[in-house]
Amino acid sequence: ETGVTQTPRHLVMGMTNKKSLKCEQHLGHNAMYWYKQSAKKPLELMFVYSLEERVENNSVPSRFSPECPNSSHLFLHLHTLQPEDSALYLCASSQGVDRGSPLHFGNGTRLTVT
Amino acid sequence: DQQVKQNSPSLSVQEGRISILNCDYTNSMFDYFLWYKKYPAEGPTFLISISSIKDKNEDGRFTVFLNKSAKHLSLHIVPSQPGDSAVYFCAAKALNTGTASKLTFGTGTRLQVTL
């Protein structure tokens with residue numbers, strides 16, 4: 001596999017469920033990101049991991065919990081979500097975090113909270 | 001308050017003609033700008049970028065123009081092809097925003113290239 005792979009592609013969960021989104025990058029990058037895309041809104045940065053260390057979380061609610069066990073894998077653990085959390089969740093990676101390193105995105109997980 | 005604005009949610013252009021997608025920004029600290037393209041059911045892919053020290057960057061059929069005084073950039077696609085039909089996102093970065101990369105995205109413009 002090449003690029004950035006996200007699983008599952010679609011997820012429907014109740015407000016009391018616990019689930020996890022998975023992301024894997026095969027590009028040898030050293031930074032990984034979670035973005036949220038809601039309808040008619042810009043992509044919002046949720047978390048950045050650089051060299052396995054979280055460097056920014058942008059005040060995301062604690063019901064979203066990221067985990068980055070190594071530079072190739074990134075998880076987003078979800079629990080007690082709200083219906084307004086329904087969105088497309090995109091994982092991305094880059095080589096470094098400076099302005100010259102464009103993001104490579106996965107195809108996203110479409111999350112529906114019922 | 002949106003710092004990166006794409007005021008046209010959609011655009012329809014005939015094949016072979018020029019497509020012009022516009023983007024305005026409000027933060028004068030932005031100094032690097034990128035365009036991403038997104039097909040349905042896929043993630044965005046990087047298309048082209050421009051630094052604030054330039055006013056034009058060209059890559060094949062794609063050219064990005066930057067007007068710093070107007071805080072405006074545009075993406076020109078010429079000639080437009082049916083495969084260019086996608087959603088185009090404008091994004092911007094500021095210098096010295098800390099150790100993390102922080103891209104600010106616009107809401108996107110859906111381009112439809114018709115035959």
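For the structure itself, consult the block above.
Worth saying up front: this structure is predicted, and the values here are computed from it rather than measured.

Reading the values: rules and limits
Residues numbered from 1 in each chain as written. Chains lettered and ligands numbered in written order. Predicted model: local features only at pLDDT ≥ 70, side-chain atom pairs only at ≥ 80, totals over all residues. Heavy atoms only, no water. Disulfide = S-S within 2.5 Å. Helix = DSSP H or I, 4+ residues; strand = E, 2+ residues; numbered from the N terminus. Buried < 20%, exposed > 50% of the residue type's maximum accessible area, 1.4 Å probe, protein only. Pairing = 2+ DSSP bridges. Contact = heavy atoms within 4.5 Å. Buried area = accessible area lost by both parts, 1.4 Å probe. Salt bridge = Lys/Arg side-chain N within 4 Å of Asp/Glu carboxyl O. Polar contact = N/O pair within 3.5 Å; in protein donor to acceptor, adjacent residues only side chain to side chain.

Asker: Give me the lowdown on the state of the cysteines, citing residues and values where you can.
Answerer: Under the defined criterion, the tally for this structure stands at two disulfides over all chains. In this model Cys-23 of chain A forms its disulfide with Cys-91 of chain A; the gap between the sulfur atoms is 1.9 Å. For the disulfide bridge between Cys-23 of chain A and Cys-91 of chain A, the dihedral angle about the S-S bond is near -75°, and by the sign convention the bridge is left-handed. Of this pair, Cys-23 of chain A sits in strand S3 (residues 18–25) while Cys-91 of chain A sits in strand S9 (residues 87–94), and the two are 68 residues apart along the sequence. Comparing Cys-23 of chain A with Cys-91 of chain A shows no difference in burial state: the two are buried. Covalent S-S linkage joins Cys-23 of chain B and Cys-90 of chain B, the inter-sulfur distance amounting to 2.0 Å. Measuring the twist about the S-S bond at about -75°, one finds the Cys-23 of chain B-Cys-90 of chain B disulfide to be left-handed. One end of the pair, Cys-23 of chain B, is in strand S3 (residues 19–25); the other, Cys-90 of chain B, is in strand S9 (residues 86–94), and 67 residues separate them in sequence. The exposure classification of Cys-23 of chain B matches that of Cys-90 of chain B, with both residues buried. Unpaired in this structure, Cys-68 of chain A has its nearest cysteine sulfur neighbour in Cys-91 of chain A, at a distance of 8.9 Å.

Asker: Which residues make up the sheet that holds strand S7 (residues 62–67) of chain B, and what values do they have?
Answerer: Residue and element names in this part refer to chain B. One open sheet holds the five strands; their spatial order is S1-S3-S8-S7-S6, and the pairing between them is antiparallel. A strand with exactly one partner marks an edge of an open sheet, and here the two such strands are strand S1 (4–5) and strand S6 (56–59). Direction of pairing for S1 relative to S3: antiparallel, over a ladder of two bridges. Across the sheet, Val-4 pairs through a bridge with Tyr-25, a residue of S3.

Asker: Outline the interface of chain B and chain A, listing residues and values.
Answerer: On the chain A side, the residues contacting the 22 residues of chain B number 25 residues. Between chain B and chain A, the buried area comes to about 1,800 Å², and carbon and sulfur atoms account for 58% of it. Inspection of the chain B/chain A interface yields zero salt bridges. One can count four residue pairs in polar contact (both at pLDDT 80 or more) joining chain B with chain A. For the side of chain B that touches chain A, the elements supplying multiple residues, two or more each, are strand S4 (30–38), strand S5 (45–51) and S9 of chain B.

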